[in-house]
Amino acid sequence: MKQRRIGTAEVSAIGLGGMPMSIEGRPDEERSVRTIHAALDAGVTVIDTADAYHLHADEVGHNESLIARALASYGGDTSGVLVATKGGHLRPGDGSWTVDSSPAYLRTACEASLKRLGVEAIGLYQHHRPDPKVPYADSIGAVRDLVDAGKVRMAGISNANPEQIRAAREILGDRLVSVQNQYSPAYRASEPELELCDELGLAFLPWSPLGGISRAGDLGSRFAPFAEVAAARGVSPQQVCLAWMLARSPVVVPIPGASRPETIRDSVAAAELTLDEAELAALDRV
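The name an unreviewed UniProt entry assigns to the protein chain is Aryl-alcohol dehydrogenase-like predicted oxidoreductase, from the organism Plantactinospora soyae.

Spelled out as structure tokens, the structure:
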């Protein structure tokens, strides 16, 4: 597995997004654990989760707990696995998503995540989403305090615009190591954030890199150039998509979601797929 960097951590070029294993349409736990183990077998060393990845109101942190159990039951060495979680986004249990990025909530959420993950310090803790009720500087200041307290090793932000990235950088300094924004062939609006991360040397973690849980399977039919390159290479359009993202910048670390072992195995293979200039040009025009 080719490697990239998130802060001080060397990680696999392709990560695993845990969200599909805990929200609507989730599989049984046995299949989810097999999926996580398949990712580890394939060399994945960064797993993305959040306390809000759950279905019912009484199971906050479902995905964090699932990942912790899967890591504990894995037969190999997991000491080099970076688990990245997030706080500030909530699910009341009625299918909706809400936000609470108040410093008090982030402190409480971090403590709960620490317990669920069974660690003394969270490898990468990310502010999940800006809260219009809370000054952004207050939310990021709370994350800084968690790093200062030794509860978090590295800090990241998610769903942030360039102004917020610069503000977080001002508050966190070198402790800010990553930005996680939506980015895919279907959603290119995060290009400015990607370019800024490249300039600042921050890892850029595209979420929903294949277009989202319900649309990932038809990526090739929606975006013909990806299907054409895939057919010529004898691989999946999804693999081509991830290889294209990796070619965008050395700071990009895609975190495709998966809930089947075969899905994450296919995604991981993108790390070994090198696209030529003509292929990249065709994909860039989408």
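Turning next to the UniProt feature "domain: NADP-dependent oxidoreductase" (unreviewed entry) in the protein chain. According to UniProt, the feature "domain: NADP-dependent oxidoreductase" (unreviewed entry) maps to residues 14-285 in the numbering used here. Taken as a whole, residues 14-285 contains 43% helix and 13% strand, while its terminal C-alpha atoms sit 23 Å from one another.

It is worth spelling out the pattern of salt bridges at this point. Any two side chains of opposite charge can pair, given that their charged atoms come close. Counting across every chain of the model gives 16 salt bridges. One salt bridge in this structure joins Arg248 and Glu191, with 2.8 Å as the shortest N-O distance. Of this pair, Arg248 sits in helix α9 (residues 237-248) while Glu191 sits in helix α6 (residues 191-200), placing them 57 residues apart in sequence. Residue Asp284 pairs with Arg248 through a salt bridge whose shortest N-O separation is 3.2 Å. Note that Asp284 is positioned in helix α11 (residues 277-284) and Arg248 in helix α9, a separation of 36 residues in sequence. Looking at Arg248, the relative accessible area reads 29%, which means it is partly exposed.

What counts as what
- Residues numbered from 1 in each chain as written.
- Predicted model: local features only at pLDDT ≥ 70, side-chain atom pairs only at ≥ 80, totals over all residues.
- Heavy atoms only, no water.
- UniProt positions renumbered as here; feature names shortened; annotations may be inferred.
- Helix = DSSP H or I, 4+ residues; strand = E, 2+ residues; numbered from the N terminus.
- Salt bridge = Lys/Arg side-chain N within 4 Å of Asp/Glu carboxyl O.
- Buried < 20%, exposed > 50% of the residue type's maximum accessible area, 1.4 Å probe, protein only.

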